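These are the residues of each chain, in order.
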Amino acid sequence: MSDIKVAIAIVTYRCADLTIDCLRSIEAERATPGLQIHVIVVDNASGDAPSIAQAIEKNSWSSWVTLIEAPRNGGFSYGNNLAFQRAYDDGPPDYFHLLNPDTRVLKGAIGTLVRFLETHREVGIAASRLEDINDKDLAFAFRFPSIVSEFEHGLQFGLARRVLQPWVVAIESRLEPQQIDWASGASMMIRREVLHAIGGLDENYFLYFEDTDFCFRAKKAGFSTWSVPESRIMHISGQSTKLTGHQPVPKRIPTYWFESRRRYFVANHGLIYAIATDVISLLANGLGFIKRLVQGRMGHGIPHLTRDLARHSLLRPKNCKLDPIKSFVPRS
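Residues numbered from 1 in each chain as written. Predicted model: local features only at pLDDT ≥ 70, side-chain atom pairs only at ≥ 80, totals over all residues. Heavy atoms only, no water.

Caption draft 1: Local environment of the overall build of the protein chain. Secondary structure summary: the protein chain contains eleven helices and nine strands in total. Taking 2.2 N^0.38 as the reference for a compact globule, 332 residues should give roughly 20 Å; the C-alpha atoms of the protein chain span a radius of gyration of 20 Å, in line with that estimate. For the protein chain, the spread of C-alpha atoms along the principal axes amounts to about 60 × 40 × 40 Å. Across the 332 residues of the protein chain, 52% fall into the buried class. (Helix = DSSP H or I, 4+ residues; strand = E, 2+ residues; numbered from the N terminus. Rg over C-alpha atoms; globule rule 2.2 N^0.38 Å. Buried < 20%, exposed > 50% of the residue type's maximum accessible area, 1.4 Å probe, protein only.)

Caption draft 2: The arrangement of the nonpolar core in detail. Membership of the largest hydrophobic core comes to 43 residues, with the highest contact counts inside it found for Val6, Ile8, Ile10, Leu23, Ile26, Val39 and Ile110. A total of six residues in this core trace back to one element, the largest contributor, which is helix 4 (residues 109-119). Among residues more than four places away in sequence, those in contact with Ile110 are Val6, Ile8, Ile26, Glu29, Leu35, Ile37, His97, Val105 and Met189. Ala7, Leu98, Ile198 and Tyr205 belong to the second-largest nonpolar core, a separate cluster that totals 40 residues. (Core = buried A, V, L, I, M, F, W, Y, C linked by side-chain atoms within 4.5 Å. Contact = heavy atoms within 4.5 Å.)

Caption draft 3: Helix 3 (residues 76-89), seen in detail. In a regular helix each residue adds 1.5 Å, so 14 residues correspond to 20 Å; helix 3 covers 20 Å between its end C-alpha atoms and thus fits that length. With ten of 14 residues buried, helix 3 lies mostly within the body of the structure. Along helix 3, the positions that sit buried rather than exposed are Phe76, Ser77, Tyr78, Gly79, Asn80, Asn81, Ala83, Phe84, Ala87 and Tyr88. Buried residues along helix 3 sit against strand 1 (4-12), strand 2 (35-43), strand 4 (95-99), strand 8 (187-191), helix 7 (192-198) and helix 8 (210-220). Two residues or fewer past helix 3, Gly91 is found with a positive phi of approximately 115 degrees. (Expected span 1.5 Å × (residues − 1).)

Caption draft 4: A look at the packing of aromatic side chains. Following the criterion strictly, the structure yields 16 aromatic pairs and no others. These aromatic residues form a ring-pair network of at least three members: Phe144, Phe209, Phe216, Trp257, Phe258, Tyr264, Phe265 and Tyr273. In this structure, Arg72 packs its charged tip against the face of Tyr78, placed 4.2 Å from the ring centre. Lying over the aromatic face of Tyr205, Arg263 brings its terminal NZ or CZ to 5.8 Å of the ring centre. (Phe/Tyr/Trp six-rings, centres within 6.5 Å; stacked < 30°, edge-to-face > 60°. Lys NZ or Arg CZ within 6 Å of the ring centre and 35° of its normal.)

As structure tokens, this is what we get:
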């Protein structure tokens, strides 16, 4: 029997040193019996390429690492689609593994995902357990965002969270595999048949919600997503965006997050639902703001969040345009 082919896509943006460390962690996984691992690194026009190319040459990685210099920074989806295309040009692999540059692959992580997908043929996507540098679990299993989850998140009220727990986006971690709605693209393995059914990631998402959208479209096409905690990945989160890492003071959310959020709700739930979600979110965040004001905890809120939600909401007609999906489409 021939080896199972796995193409790992790493999209880097000003993360050259982290990317090199990530490649070093993958090197040991190449000894996994029955696997043929190839890595495609895409530098999203950040200037990372020279340092990574030097590391590839110095460590003799050229037989299993391909480096692509993107002509522009088109975002996470754009970079991964370039990797998908290159992998197909080299001969379609059995599985594609999305992996963030700010990760370290812990022993057996890649082989564990492959074994799970090989023994669960009905599953389309399998995701790793994510840990921080202190071996503490990060959120790695999620429900799809909804109008209810937006209300709960904006309110930030303990009683409401307990009542609305079945709709909270982050799912409590388990030690055994479980079916989930979506998983982080920080470490997500995708069966080739999923790409044949729905294509690649939607490039209209510059960053954030692209993995959520991908899993949503996969589910509609009949492919489930599972978390596989035995596959462990260390994730030094937020190094590229400086948004999701541990921050002593909350930072203002960038414009592209709001644009991605808006697209996700319109594309997958329709304009009316998306408008209603914006109304509920604005109401909940307003109430949350008042609660923090009364409690004297204003420094705990994200700066200008309610104002930015309103500015990017679908209540403004100019925000209602929805561009068609722009994605990698495999050749049959």
